[in-house]
Amino acid sequence: MRGSAWTPLIHAVLIANALLVLVPMVIMGLSAFKTTREIFQNPFGLPAVWRIENFSRVWVEARFGTYIQNSVLVTVLSVAVLVAFGAMAGYALGRFRFKGNDLLYLYFLSGLMLPIRLAIIPLFILMRNLNLLDSPWSLVLIYAASGLPSAIFILTGFFKTLPADLDSAARIDGASEWSIFTQIMLPLVRPALVIVTVYNAIPIWNDFFFPLVFIQTEARKTLPQGMTVFFGQYFTDYATLFSGLTLAAIPIVVLYVILSQHFIRGLTAGAVKG
Amino acid sequence: MQTSRRLWLIAFLAPSTILFAIFITYPILSALAYSLFAWEGIGRREFAGLANFVRLFSIFPYPRLLANAFAHNVIVFVLTMLIQNGLAVGLALLLARGPWGAKVYRVIFFLPVTLSLVIVGFLWALFLNPVFGVVNKGLALAGLGALARAWLGDPATALLSLILINAWRWLGFPTLVFLAGINAISEEYLEAARIDGAGEWEVIRRIIFPLLAPAVTIIVILTFIGSFNWFELPYVVSGVSGAPNRATDVLGLLFYRTAFGEVDTGLQDIGIGSAIAVLMFLVMVSVSTFGAVFLRRREVEY
């Protein structure tokens, strides 16, 4: 039964599912270049004229340039903070024996179970009291903090697997703790740093919930949040809407095409062993 | 331990510990405590015991809203398990046979998982528009015009449409998790069974399924947590009130409306909102703990 008669059927199912994924994306991409009238009359065909000006309208009038800039800023800062802090904590927890080690590790891991969004009311009040409402820092702090459990979980595990004599040899040579960490240890856990980055960066880039609650000023909104503003303004202008959707999808799709294996390994980390 | 070593340890651990304590532990504990106080706007008043929970379960319209939203979360979980994860097992079994182009299929299937639910939701809202959307136009072209309807405007199909949109976005995730689970099964077991004359279906049923249990456990728990965390998709597609006529209302939306106010009714009640949060919290933590223990017990060791 292996191979042979079943092969065409297997491919038929797999191709059908691939089309189910790709056709909506292609229709979106093609519609982005059409006029609204053309989208209604000829939804499945190629555009008669490829209107690139649709995109410049979205970029400038609908402030996509600003939204994307804000999203990049928030994502990069959050991931930088959580990877740096997570690596430091993972190193200490993974390679030093001290009182309270296991307890502290479990304390961080408890964050994997707790749905932090349910604490949005106290978080809102906390941010207001810290004068951080409507500031990108409110997002950076909550994203960095909520990414720590997964980062510490993944990195502690990696640090533990490194041979024990690595750091003792360096210590005998008189290297400082900080240079052992940055020069010797960090380069060795680079694969884990990539996983932690992907695992956190994509959900942060895509998040809509925290900006919805924390950010009010137009010019500070992130891309997913800006999309809802944009859809409210242009709700009958299908050409502009499809251009906006396409433009919003492009950064992640391009990155995914280049780095798909890292994306898959990073995003399924935690659900797939090893 | 020498002092300098200890100072280094503190320096390495302090940033994470402080950040986590202030922005995770403190808000979560506060959220639990808030449900026990009376509120006026966002001002906390006196200790109120379980009064918020009593109101949530007894004063109109909360019991009905709560039951309605809870039922929808349960429906989302059950149908996502059946449709999305059922399909995912099938696709994973096909991919595990290593057909030509399996790598490309993997990459394509996983693509929507990386897209924001906001993009996915708006895209399908445009596609499902009753007059201008490609779904009804496509049905008409295929001679199935009779099936065309206002998918998102009809209470009978609105929630199902959202579940299918969500499955479109997530399908690649369980597929690749199951695929990794199947690939982790030693080839010896499969060969041994085949030599013993087991048919393809028997190999799947008696060898692959039992050994796939760890992956199933993880996907069941993640699907459950995901279903009870539903917010973005209904918010973007159906609005904060769960249109039409609360047919797509879920606990996440109800919680958000009671916490931050609803446009159409202006109903804001932080006491009730906090009580809803605590209930959701208990449901999610207890079911995922129970699930992890109970489902894990059925896993086969090898």
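All figures in this text were calculated on a predicted structure; none of them were measured in a lab.

Broken down by element type, chain A carries 13 helices and zero strands. Going residue by residue from the N terminus, the α and β elements of chain A occur as α-α-α-α-α-α-α-α-α-α-α-α-α. Its C-alpha radius of gyration of 23 Å places chain A more than 25% over the 19 Å reference for a compact globule of 274 residues. In terms of its C-alpha atoms, chain A occupies a principal-axis envelope of roughly 75 × 65 × 35 Å. Residues counted as buried form 44% of the 274 residues belonging to chain A. Excluding contacts between residues fewer than 6 apart, the proportion of contacts in chain A whose partners are at least 24 apart in sequence is 77%.

Before going further, it helps to spend a moment on the overall build of chain B. The helix and strand tally for chain B stands at 14 helices and two strands. Its C-alpha atoms give chain B principal-axis dimensions of roughly 75 × 75 × 35 Å. By the burial criterion, 42% of the 302 residues in chain B qualify as buried. A sequence separation of at least 24 residues applies to 66% of the contacts in chain B between residues at least 6 apart.

The residue Ala156 of chain B is located in the loop between helix H6 (134-141) and helix H7 (158-170) in this model. Once the C-alpha coordinates of Ala156 of chain B and Ala247 of chain B are considered, the two residues, 91 residues apart in sequence, prove to be 7.9 Å apart.

Right, let's talk about the interface of chain B and chain A for a bit. Taken together, the contact pairs 63 residues of chain B with 69 residues of chain A. Sort the elements by how many residues they give to the side of chain B that touches chain A and helix H1 (residues 3-34) of chain B lands first, with 15 residues.

What follows concerns the packing of helix H4 (residues 102-110) of chain B against helix H8 (residues 172-183) of chain B. Residue and element names in this part refer to chain B. For the pair H4 and H8, the least separation of the axes is 8 Å and the interaxial angle reads 140°. For H4 against H8, the interelement crossing comes out left-handed. Contacts between H4 and H8 involve Arg106, Phe109 and Phe110 from the former and Gly172, Thr175 and Leu176 from the latter.

With 173 residues, the main nonpolar core has Leu155 of chain A together with Ile119 and Phe122 of chain B as its most contacted residues. It is helix H7 (residues 136-161) of chain A that contributes the most residues to this core, 15 residues altogether. In contact with Phe122 of chain B, not counting residues within four places along its chain, are Met227, Phe231 and Leu245 of chain A together with Val236 of chain B.

Before going further, it helps to spend a moment on the pairing of strand E1 (residues 37-40) of chain B. Residues and elements named next belong to chain B. Sheet analysis places E1 next to strand E2 (residues 43-47), joined by three bridges and oriented antiparallel. Paired with Glu40 across the bridge in E2 is Gly43. Between E1 and E2, which pair antiparallel one after the other, the connecting turn spans two residues, and Gly41 there sits at a positive phi close to 60°.

This next bit is on the domain arrangement of chain B. Residues and elements named next belong to chain B. Here chain B is partitioned into domain 1 (3-51) and domain 2 (59-297). Spacing between the C-alpha centres of domain 1 and domain 2 amounts to 32 Å. Looking at the side of domain 1 that touches domain 2, its residues break down into eight nonpolar, one polar and no charged.

Per the domain assignment, the segments of chain A are domain 1 (4-55) and domain 2 (63-233). With centres defined by C-alpha atoms, the gap from domain 1 of chain A to domain 2 of chain A works out at 37 Å.

The next point concerns H8 of chain B. A rise of 1.5 Å per residue sets the reference length of H8 of chain B, with its 12 residues, at 16 Å; its end C-alpha atoms lie 16 Å apart and thus fit the reference within 8%. A large share of H8 of chain B lies buried, amounting to 10 of its 12 residues. Restricting attention to buried positions, one finds in H8 of chain B the residues Gly172, Phe173, Pro174, Thr175, Leu176, Val177, Phe178, Leu179, Gly181 and Ile182 of chain B. Looking at the buried residues of H8 of chain B, the elements they touch are helix H13 (238-267) of chain A together with helix H3 (62-96), H4, H7, helix H10 (200-211) and helix H11 (213-228) of chain B.

The relative placement of two packed helices is expressed as an angle between their axes plus a distance between the axes. Running from N to C, helix H12 (residues 223-233) of chain A and helix H5 (residues 117-127) of chain B point in directions that differ by 25°, and their axes come no closer than 9 Å. It follows that H12 of chain A is roughly parallel to H5 of chain B by the angle criterion. Between H12 of chain A and H5 of chain B, the residues in contact are Pro224, Met227, Thr228 and Phe231 of chain A and Val118, Ile119 and Phe122 of chain B, respectively. Along the lines of polarity and charge, the residues of the contact of H12 of chain A with H5 of chain B split into six nonpolar, one polar and no charged.

Note on backbone geometry: most residues besides glycine have negative phi, and most peptide bonds are trans. Residues and elements named next belong to chain B. The step from Phe60 to Pro61 runs through a cis peptide bond, and the omega angle for that step is 0°. In this structure, Pro244 follows Ala243 across a cis peptide bond, with omega equal to -10°. When you line up the elements, Pro244 lands in the loop between helix H12 (232-238) and helix H13 (251-260). Located in the positive-phi region is Asn245, a residue other than glycine, with phi close to 50°. If you trace the backbone, Asn245 turns up in the loop between H12 and H13.

Basis of the calculations
Residues numbered from 1 in each chain as written. Chains lettered and ligands numbered in written order. Predicted model: local features only at pLDDT ≥ 70, side-chain atom pairs only at ≥ 80, totals over all residues. Helix = DSSP H or I, 4+ residues; strand = E, 2+ residues; numbered from the N terminus. Rg over C-alpha atoms; globule rule 2.2 N^0.38 Å. Buried ≥ 20, exposed ≤ 12 C-beta atoms within 10 Å, placed from the backbone. Contact = placed C-beta atoms within 7 Å. Axes fitted to C-alpha atoms, helices over the stretch in contact; angles between N-to-C directions. Left-handed = near helix turned anticlockwise from the far one by under 90°. Core = buried A, V, L, I, M, F, W, Y, C linked by C-beta atoms within 7 Å. Pairing = 2+ DSSP bridges. Domains from an automatic or database assignment. Nonpolar A, V, L, I, M, F, W, Y, C, P; charged D, E, K, R; others polar. Expected span 1.5 Å × (residues − 1). Parallel < 35°, antiparallel > 145°, perpendicular 65-115°, else oblique.

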